[in-house]
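Overview (structure and organization)
Single-letter residue listing:
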Amino acid sequence: MTFDAPSVIRIKRDGGVLSDEAIDWVVDAYTHGRVADAQMSALLMAIFLRGMTNGEIARWTAAMIASGERLDFGDLRRPGAPGKPLALVDKHSTGGVGDKITIPLVPVVMACGGAVPQAAGRGLGHTGGTLDKLESIPGFSAEISKGQVRQQLCDLGAAIFAAGELAPADRKIYALRDVTATTESLPLIASSVMSKKIAEGTRALVLDSKVGSGAFLDTEEESRELARTMVELGAEHGVRTIALLTDMEAPLGCTVGNAIEVVESLEVLAGGGPDDVVELTLALARETCDAAGLDGVDPAQTLRDGTAMDRFRALVEAQGGDVAALSAEALPVGGHSETVTAPRGGTMGDIDAMAVGLAVWRLGAGRSAPGERVQFGAGMRIHRRPGEPVAAGEALFTLYTDTPERLAPAAAELEGAWSVGDHPPPQRPLIIDRISP
């Protein structure tokens, strides 16, 4: 069959169902430059508005996987264990505010004996990206070869890398979604996540599907549907997949940004850090170790005895990072700051995660154009979490940026996004549900 971009766009614009052949054609044509950015942007908006059937999502995912290579690490063995395959497993979050969990989680799983081929992403819309955070460490590079990925999996137990030739269609589409207001689409989220994860060669996958104001999807029902869709896509491609629904009504932890989140992750690896970050890290670590078939391990012990921190430092060093820079004093922080203070005493109310994410994006931690450089030192420190006591005049939020003209619009995003009252807000569970095949 012969296809052209306007016809494919028109089908979806008018609420039609794209055939397998049309999906295969448009994904391949866009990957190789035969469909323009403007045309793919129009199709993405049509998908955003009209949705996709389960069959369309499955085919779109398969087409993105087929756009590049699919890694296979089944032949790899740990030194000294020639007959035992690696316990390959990965974790992915659907995106959140202050969601730095991958940074402490990967070394915890490494210390428990797992092998994590982590194809990570950059910031998308109001949410931060693992690669942007890690690249705030001087010298750290996620642009590593397939050979280096294989070597690190054997020698260290993990590699965190840019997708590269894995699902290159998704890399191009991901960048467009970031700047065309089409990030909050269930079909596009599910296919983006699963195309990369299936192509990266993992055998098991644990998903963190966010629920709340800082999530991409508006309701718990939509987040639950997204989790089920991704679990089913994993099963179809032979990847054991489970998902946790987790709360994203308020930001995770006390920091949002790039380098500032690395600092908080180091606190967790040192045995401290905010309670919610530690709780979610360990919950996902237990699920990840179980999915990988690692029995009799205690993820919490790796934080207490320092083995997870040792693994993180080894991982950073292997990927060119300056281990001596792994401290609050050495990592970058924006040269200009502004502090929001409490107008009265009382108790900190809810903090809207979406508003915080947008404020940090305006500070320079995210992108407004494809390929734009982020500010590693941009971010926000949250001094009082929901339910904590507050004194009048006390610092509640500190905003950081290298461009002072960004401070006012960022502060404006926070207006109405928090409160100080006489009573604490209702407590919500961090782990809402577990979804398995």
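Residues numbered from 1 in each chain as written. Predicted model: local features only at pLDDT ≥ 70, side-chain atom pairs only at ≥ 80, totals over all residues. Heavy atoms only, no water.

Identification of the protein chain as Thymidine phosphorylase from Mycolicibacterium iranicum is taken from an unreviewed UniProt entry. The UniProt entry for the protein chain carries the following comment under Subunit (unreviewed entry): "Homodimer." The UniProt entry for the protein chain carries this comment under Sequence similarities (unreviewed entry): "Belongs to the thymidine/pyrimidine-nucleoside phosphorylase family." (UniProt positions renumbered as here; feature names shortened; annotations may be inferred.)

Topic: the sheet that holds strand S7 (residues 336-341)
Taken in spatial order, the 4 strands line up as S6-S9-S11-S7 in an open sheet, and their pairing is antiparallel. Where the open sheet ends on each side, the last strands, each with one partner, are strand S6 (255-257) and S7. If you compare each strand with its neighbour and ignore which way they point, the axes differ by 15° on average. When strand S9 (residues 379-382) meets strand S11 (residues 395-401), the two strands line up antiparallel, connected through 4 bridges. Within the sheet, the bridge partner assigned to Arg 381 lies in S11 and is Thr 398. Running over the sheet, helix H11 (residues 259-269) touches S6, S9 and S11 and is turned about 140° from S6. Across the sheet, helix H15 (residues 353-365) touches S6, S9 and S11, and the angle it forms with S9 is around 140°. (Pairing = 2+ DSSP bridges. Helix = DSSP H or I, 4+ residues; strand = E, 2+ residues; numbered from the N terminus. Axes fitted to C-alpha atoms, helices over the stretch in contact; angles between N-to-C directions. Contact = heavy atoms within 4.5 Å.)

A look at the domain arrangement of the protein chain
Along its sequence, the protein chain is organised into domain 1 (5-51), domain 2 (89-325) and domain 3 (336-421). A straight line from the C-alpha centre of domain 1 to that of domain 3 covers 38 Å. (Domains from an automatic or database assignment.)

A closer look at the pairing of strand S1 (residues 90-93)
Burial along S1 is two-sided: Asp 90 and His 92 facing one way and Lys 91 and Ser 93 facing the other are all buried. As paired elements, S1 and strand S4 (residues 204-211) share 4 bridges and run parallel to each other. Directly across from His 92, in S4, lies its bridge partner Leu 207. (Buried < 20%, exposed > 50% of the residue type's maximum accessible area, 1.4 Å probe, protein only.)

Focus on empty space enclosed by the protein
Considering all chains together, one arrives at 4 cavities of 30 Å³ or more under this definition. Counted as a void, the largest cavity has a volume near 330 Å³. What lines the largest cavity is a set of 26 residues, among which His 92, Ser 93, Gly 95, Gly 128 and Tyr 174 lie closest to the centre. Examining the composition of the lining of the largest cavity, we find that 4 residues originate from one element, helix H9 (residues 186-199), more than from any other. Residues that form the lining of the largest cavity fall into these classes: 7 nonpolar, 13 polar and 6 charged. Of the pockets and cavities examined, the second largest cavity occupies roughly 150 Å³. Every residue lining the second largest cavity is counted, 22 residues in all, and those nearest its centre are His 126, Thr 127, Gly 128, Val 360 and Ala 365. Elements with a minimum of two residues in the lining of the second largest cavity: S6 and H15. It is H15 that contributes the most residues to the lining of the second largest cavity, 4 residues altogether. Residues of the lining of the second largest cavity, tallied by class, amount to 6 nonpolar, 12 polar and 4 charged. Counting residues domain by domain, the lining of the second largest cavity receives three or more from each of domain 2 (89-325) and domain 3 (336-421). (1 Å grid on protein atoms, 1.4 Å probe; cavity = no way out; pocket = protein on both sides within 12 Å on 5 of 7 lines; lining within 4 Å. Points joined across faces, edges and corners; volume = space filled by probe spheres on them. Nonpolar A, V, L, I, M, F, W, Y, C, P; charged D, E, K, R; others polar.)

Considering the nonpolar core
As a rule of thumb, nonpolar side chains are buried together in soluble globular proteins. In terms of nonpolar packing, the biggest core is built from 79 residues, with Ile 137, Phe 312, Met 380, Phe 397, Leu 399, Leu 414 and Trp 418 touching the most fellow members. Here the element with the most residues in this core is helix H12 (residues 275-291); it accounts for 8 residues. Split by domain, this core shows at least three residues from each of two domains, domain 2 (89-325) and domain 3 (336-421). With residues up to four places along the chain from it excluded, the contact list for Leu 414 reads Val 340, Ala 355, Val 356, Ala 359, Met 380, Phe 397 and Leu 399. (Core = buried A, V, L, I, M, F, W, Y, C linked by side-chain atoms within 4.5 Å.)

Side note on the environment of Pro 429
Looking at the secondary structure, you find Pro 429 in the loop between strand S12 (420-421) and strand S13 (431-435). Between the alpha carbons of Pro 429 and Asp 247 there is a distance of 7.0 Å; along the sequence they are 182 residues apart.

Looking at a negative patch on the surface
The grouping of Glu 184, Asp 218, Glu 221, Glu 222 and Glu 225 at the surface amounts to a negative patch. Within the secondary structure layout, Glu 222 lies in helix H10 (residues 220-236). Judged by its relative accessible area of 31%, Glu 222 is partly exposed. (Patch = residues over 30% accessible without salt bridge, like charges linked within 9 Å, V, L, I, M, F, W, Y side chains within 5 Å. Areas by Shrake-Rupley, 256 points an atom, 1.4 Å probe, with all protein chains shown as cover. Salt bridge = Lys/Arg side-chain N within 4 Å of Asp/Glu carboxyl O. Lys, Arg positive; Asp, Glu negative; His and termini not counted. Charge placed at Lys NZ, Arg CZ, Asp CG, Glu CD.)

With respect to H10
An α-helical segment advances 3.6 residues per turn. Residues three or four places apart therefore align on the same side. Look at H10: 24 Å from first C-alpha to last across 17 residues, which is about the 24 Å you get at 1.5 Å a residue. Ser 223, Arg 224, Leu 226, Ala 227, Thr 229, Met 230, Val 231, Leu 233 and Gly 234 are the residues of H10 that are buried. In the core, the buried residues of H10 are packed alongside helix H4 (54-66), H9, S4, strand S5 (240-247) and S13. Taken from the residues just after H10, Gly 238 is the one with a positive phi, measuring 75°. (Expected span 1.5 Å × (residues − 1).)

Observations concerning the packing of aromatic side chains
Under the counting rule described, the total for this entry stands at 2 aromatic pairs. Seen from the ring of Tyr 30, Lys 172 lies directly overhead, with NZ or CZ sitting 4.3 Å from the centre. (Phe/Tyr/Trp six-rings, centres within 6.5 Å; stacked < 30°, edge-to-face > 60°. Lys NZ or Arg CZ within 6 Å of the ring centre and 35° of its normal.)

Overview of the pattern of salt bridges
Overall, the coordinates contain 29 salt bridges when judged by the stated rule. For Asp 24, the salt bridge identified is with Arg 59, shortest N-O distance 2.5 Å. Here the residue Asp 24 occupies a position in helix H2 (residues 20-31), and Arg 59 occupies one in helix H4, the gap between them amounting to 35 residues. The class for Asp 24 is partly exposed, based on a relative accessible area of 28%. Two residues, Arg 224 and Asp 433, come together in a salt bridge whose shortest N-O distance is 2.5 Å. Linking Arg 224 in helix H10 with Asp 433 in strand S13, this pair joins segments that are 209 residues apart in sequence. By relative accessible area, which is 18% here, Arg 224 ends up buried. Counted as one network, the salt bridges with shared partners bring together Arg 122, Asp 132, Glu 135, Glu 143 and Arg 367.

Here's the deal with the sheet that holds S5
An order of S1-S4-S5-S13 is seen for the 4 strands of this open sheet, with the pairing classed as mixed. Where the open sheet ends on each side, the last strands, each with one partner, are S1 and S13. The mean angle between the axes of side-by-side strands here comes to 20°, regardless of whether they run parallel or antiparallel. Pairing geometry for S5 and S13, over 4 bridges, is antiparallel. Bridging across to S13, Leu 244 finds its partner in Arg 434. Here H10 sits on the sheet and contacts S4, S5 and S13; the angle it forms with S5, its principal contact strand, is near 165°. Against the sheet, H12 touches S1, S4, S5 and S13, its axis set at about 150° to S4.

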